[in-house]
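# Notes for the structure review
Residues per chain, in single letters:
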Amino acid sequence: MSNQRTSLLSGDVLDEEIELTLSELCRACRLPAEDVLELVAEGIIEPRGRKPLQWRFQGICVRRVRSALTLHRDLGVNWAGAALALDLLEEIESLRARLGRVSD
Amino acid sequence: MKFKDYYQIMGISRDATQDEIKRAYRQLARKYHPDVSKETDAEERFKEVGEAYEVLKDPEKRTAYDQLGANWKAGQEFRPPPGWDQGFEFHGGGFTGSDPFEFSDFFEALFGRGFDRGAHGRAGFHARGGDTRAKVLIDLEDAYRGTARGLTLKHTQLGDDGRPRVRERTLNVRIPKGVRQGQQIRLAGQGEAGLGQGGAGDLYLEVVFRPHRLYRTEGRDVYLNLPVTPWEAALGATVKAPTPTGTVDLKIPPGSANGDKLRLKARGLPGNPSGDLYVVLNIALPPADNEAAKTAYRDMARTLGFNPRAHLGV
C-alpha cells in the first residue's frame, strides 16, 4: 500500500450524530429545496422539527436522498417507487447482516 | 482504442427494435444499478450499459454506429474511419441526463461529448465537478480503534484542452473509530474537478467490513457464536470468550439453551451509545468415538429419560 507522503484526509461520517439543516442537505445533495420538500412529503427522509426552517436531518439522510435521486434518474422510478425500493433495500441489508457471515 | 460492441453489451441482436433496446436497458439498469446491485463489478457494468444505451436509443447515433459495420469485434483495436460521421449531427436531444464524464474514449471518439465543446474555453463557463463514490474495505477491529487507509482511485479530469483524462491518485483517509458497515464518509472537494470556477465535487466513501472469521455485525451490535458443552450450558460455567477488544471470562448461567444470547453491554462498536456484544451459545455435542464416551451417553439416556420430540406429539 502506498502511503507515500499523502496527507491524511478526514471526512464527515454521515451518521445519526450529524445534523443538517434544510439548506445544508440541499447543498450536500445538490438539490433545490422544493425537491427536498417533495422527498419529505413522500416519507423518503424524515426531519426533526415542525417547520422547514427548524428542520434537522440526520446525516444518514444524505445517503437516502442520493440513492433516491439516482434511482429516479437512472431507472425512471418516481419518488414513491424510489421510497419503496429504498425501504426494501434496507430490509435486505439488515436481513443479510443477520444471515451472518456473507459468503460471496 | 478498443472497439465496443454495444449490442453485445446490452445482450441484444443488431436488428433489435427500439422497444427491445429500451426493455433491455431497463432490465440491465435494474440489475447493475450501484445502489441496488450486489454484483462486484456493478458500477463498471452500469456505466457500460448506460453508454451503450446512449448510442442505441438514439436512432441517429445508432444508424451512424451501425454504419461502422458488423465486422468489428469487441476489444478489437479501433480508429474511426475518416469522415465516417458525414451527414450526422450529434446534437440536440441526443444526449440524456447520463454523465458524459463516464463515457469511454471509444464513445467520445465517435460522438464527442455531451456538451458543447466550445463552451470550455468561453469565459464565464463554470460547472461544479461531479460527486464520486468508492468503497473502503476495513476489518472489524479497525472500526474499534479507528485507522487510516490508503486508497488508489481512478478519476476523470479535464485537461487544459477540455478533453478528459483518466488519472490515478492516492488518498490517505482517516477512518474514524466507531464506523459501521454501510456508512458513508463524505470527503468534501475530493470528487471530480470542476470547470472554470466551479469547485470540485465530493467523494463518498462507503465503509465495507471484510467478512470476519468470528464476528458479524448488525449496526453497532456485534455477534459471536460461542460453542459450549452440554454440561456448561446445563450446569452453568465460566468460560473464556474472544471479543474484538480481548478475551473475557464469560459466565454461562445454569439452564442455558442452544441459541441463547448473552449480552455484553457496550462491547460492540464504540459510539454514543456504544453497541453491545451478543454471545450466541452453540451447544456442541462431544463425539461418541470411544467406549467410555458411549457409556456416558448410554448413562444419560437411561437417567435423563429425555424426549426432545414430546412437543411434536410423538
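Residues numbered from 1 in each chain as written. Chains lettered and ligands numbered in written order. Predicted model: local features only at pLDDT ≥ 70, side-chain atom pairs only at ≥ 80, totals over all residues.

Glancing now at the overall build of chain A. Along the backbone of chain A there are four helices and four strands. The N-to-C order of helical and strand elements in chain A reads β-β-β-α-α-β-α-α. Once local pairs closer than 6 in sequence are excluded, the contacts in chain A between residues at least 24 apart make up 57%. (Helix = DSSP H or I, 4+ residues; strand = E, 2+ residues; numbered from the N terminus. Contact = placed C-beta atoms within 7 Å.)

Residue and element names in this part refer to chain B. Considering the arrangement of structural elements, one finds K177 in the loop between strand 3 (164-175) and strand 4 (184-187). The class for K177 is partly exposed, based on 14 C-beta atoms found within 10 Å. In sequence terms K177 and D142 are 35 residues apart; their C-alpha atoms lie 7.4 Å from each other. (Buried ≥ 20, exposed ≤ 12 C-beta atoms within 10 Å, placed from the backbone.)

Okay, the sheet that holds strand 4 of chain B next. Strand order in the open sheet formed by four strands is 2(A)-4(B)-5(B)-1(B), with mixed pairing between adjacent strands. Looking at strand neighbours, the two that pair on one side only are strand 2 (12-13) of chain A together with strand 1 (132-138) of chain B, the edges of this open sheet. Pairing geometry for strand 1 of chain B and strand 5 (residues 203-209) of chain B, over seven bridges, is parallel. Considered in strand 5 of chain B, the bridge of V136 of chain B is made with V207 of chain B. (Pairing = 2+ DSSP bridges.)

By size, the foremost hydrophobic cluster in this structure holds 41 residues, and its most contacted members are L25, V62, V65 and A68 of chain A. With five residues, helix 3 (residues 60-75) of chain A is the single largest residue contributor to this core. When residues no more than four places from it in sequence are discounted, the contact partners of V65 of chain A are C29, L31, L39 and I45 of chain A. Counting residues in each nonpolar core, the second largest holds 21 residues, with Y6, Y32, A52 and V55 of chain B among its members. (Core = buried A, V, L, I, M, F, W, Y, C linked by C-beta atoms within 7 Å.)

Before going further, it helps to examine the interface of chain A and chain B. Across the boundary between the two partners, chain A contributes 29 residues, which contact 28 residues of chain B. Elements with a minimum of two residues in the side of chain A that touches chain B: strand 1 (8-9), strand 2, helix 3 and helix 4 (79-98) of chain A. Among the elements that make up the side of chain A that touches chain B, the one with the highest residue count is helix 3 of chain A (seven residues). In the side of chain A that touches chain B, the residues fall into ten nonpolar, ten polar and nine charged. Pairing between strand 2 of chain A and strand 4 of chain B: two bridges, direction antiparallel. Pairing of V13 of chain A across the sheet is with I185 of chain B, part of strand 4 of chain B. (Nonpolar A, V, L, I, M, F, W, Y, C, P; charged D, E, K, R; others polar.)

The subject of this paragraph is the sheet that holds strand 7 (residues 221-228) of chain B. Strands pair in a sheet through their backbones, by hydrogen bonds, and they do so in one of two ways: parallel or antiparallel. Residue and element names in this part refer to chain B. Strand order in this open sheet of four strands is 6-7-11-10, and the pairing throughout is mixed. At either margin of the open sheet sits one strand with a lone partner, and together these are strand 6 (215-218) and strand 10 (261-264). Across the sheet, the axes of successive neighbouring strands diverge by a mean angle of 30 degrees, strand direction being ignored. (Axes fitted to C-alpha atoms, helices over the stretch in contact; angles between N-to-C directions.)

Note that every value here comes from positions in space, so none of it alone points to a role or purpose.
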